[in-house]
Amino acid sequence: MIIDTKETTVAYRCPNCGQGVVSVVGVFSLTGDMLKLKCSCGKSEMTMTYTKDRKLRLAVPCIICPHPHNYTVSSSLFFGPEVFRLGCPYTGLDNCFIGSKEAVLEALKDSGEMLEGMLEEAGVQNLDMLRENEGASHASLDDPAIEEIIRFVLADLSDEGKIKCNCKDGDQPSFTFEFVAPDYEEARIFCKKCGAEKTLPMTSVSQANAFLDCDRLDLE
């Protein structure tokens, strides 16, 4: 019998205390339902689930966003020799590192220096203040698929002329959207040309998927 001894090093940065959380993960440890990598402060955890099609589903805490980000990676990439980084889709800041121990620790160090630079540039002294500043321009959603679905539907309806706004004949409407502060649980769809708009609840992927069935949009 050949025993699979593949293993890799995984790390993320705790959004509560800011320290790096590092662990060695073996393929055997992923055979259960879910593996959790917890910070010693007890305020954050990263979860890893090994699927039947040999992929890894990861839920990674984010330094900026109040909810974890979800990723799916292949097992060959997860247990690959090179360091692999997963970043926040809204800020671009790396928040998870997978690979050899040496490469992961180096990447974690680099991300720490980048985070310090962000804190200094924003003129804040702690992570809570940084999240407040960033929250004004980034949707606090745990799945970037929601944004992609909205963008796809808007482009599709616009191409087919199925979005009505207050633009006059001859005007060229321009449709876009933004998530509404402070909770970012609604999407405001609007025309940049005439200002007509419509606000829709958008707190989950299921609501975004329901938006895929929209065949006409009237902005007021």
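Refer to the structure above for everything that follows.
A brief look at the structure comes next. Bear in mind the structure is a predicted one, so any value in this text is a computation, not a measurement.

### Re the packing of aromatic side chains
Here is step 1: Under the counting rule described, the total for this entry stands at two aromatic pairs.
Here is step 2: Look at F78 and F79: their rings are 5.0 Å apart centre to centre, the planes differ by 80 degrees, and that puts the pair in the edge-to-face class. When sorted by exposure, F78 lands in the same class as F79, which is buried.
Here is step 3: Each ring, one from F177 and one from F179, has its centre 5.9 Å from the other, and the planes form 90 degrees; the classification is edge-to-face. With respect to class, F177 is no different from F179; both count as buried.
Here is step 4: Its end group placed over the ring of F190, R188 keeps NZ or CZ at 4.0 Å from the ring centre.

### Brief notes about the side chain of T8
Here is step 1: By the secondary structure assignment, T8 is in strand β1 (residues 7-13).
Here is step 2: Here F78 takes part through its backbone oxygen, which lies 3.4 Å from a polar atom of the side chain of T8.
Here is step 3: At 3.2 Å, the side chain of T8 forms a polar contact with the backbone oxygen of G99.
Here is step 4: Those residues within four positions of T8 in sequence are excluded, and the remaining contacts are S23, V24, V25, F78, F79, I98 and G99.

### What about the sheet that holds strand β5 (residues 55-60)?
Sheet strands pair by backbone hydrogen bonding; their relative direction is either parallel or antiparallel.
Here is step 1: Taken in spatial order, the four strands line up as β3-β4-β5-β6 in an open sheet, and their pairing is antiparallel. Among the strands making up the open sheet, the edge pair consists of β3 (35-38) and β6 (69-74). Across the sheet, the axes of successive neighbouring strands diverge by a mean angle of 20 degrees, strand direction being ignored.
Here is step 2: Looking at chain direction, β5 and β6 are connected through six bridges and run antiparallel. Residue pairing for β6: V60 is matched across the bridge by H69.

### Things to note about the pairing of strand β4 (residues 45-50)
Here is step 1: Pairing of β3 with β4, which is carried by four bridges, proceeds in the antiparallel orientation. Residue L37 lies in a different strand from β4, and its bridge partner there is M46.
Here is step 2: As paired elements, β4 and β5 share four bridges and run antiparallel to each other. Each residue of the ladder has a partner; that of Y50, found in β5, is L56.
Here is step 3: In sequence, β4 turns back onto β5 through a hairpin of four residues, with R54 there showing a positive phi of about 65 degrees.

### Some thoughts on the sheet that holds β1
Here is step 1: An order of β2-β1-β8-β7 is seen for the four strands of this open sheet, with the pairing classed as antiparallel. Here the strands that pair on one side only, and so sit at the sheet edges, are β2 (20-26) and β7 (84-87). Shown here is a sheet whose adjacent strand axes are inclined to one another by a mean of 20 degrees, direction ignored.
Here is step 2: As paired elements, β1 and β2 share seven bridges and run antiparallel to each other. What sits directly across from V10, in β2, is S23.

Parameters at a glance
- Residues numbered from 1 in each chain as written.
- Predicted model: local features only at pLDDT ≥ 70, side-chain atom pairs only at ≥ 80, totals over all residues.
- Heavy atoms only, no water.
- Phe/Tyr/Trp six-rings, centres within 6.5 Å; stacked < 30°, edge-to-face > 60°.
- Buried < 20%, exposed > 50% of the residue type's maximum accessible area, 1.4 Å probe, protein only.
- Lys NZ or Arg CZ within 6 Å of the ring centre and 35° of its normal.
- Helix = DSSP H or I, 4+ residues; strand = E, 2+ residues; numbered from the N terminus.
- Polar contact = N/O pair within 3.5 Å; in protein donor to acceptor, adjacent residues only side chain to side chain.
- Contact = heavy atoms within 4.5 Å.
- Pairing = 2+ DSSP bridges.
- Axes fitted to C-alpha atoms, helices over the stretch in contact; angles between N-to-C directions.

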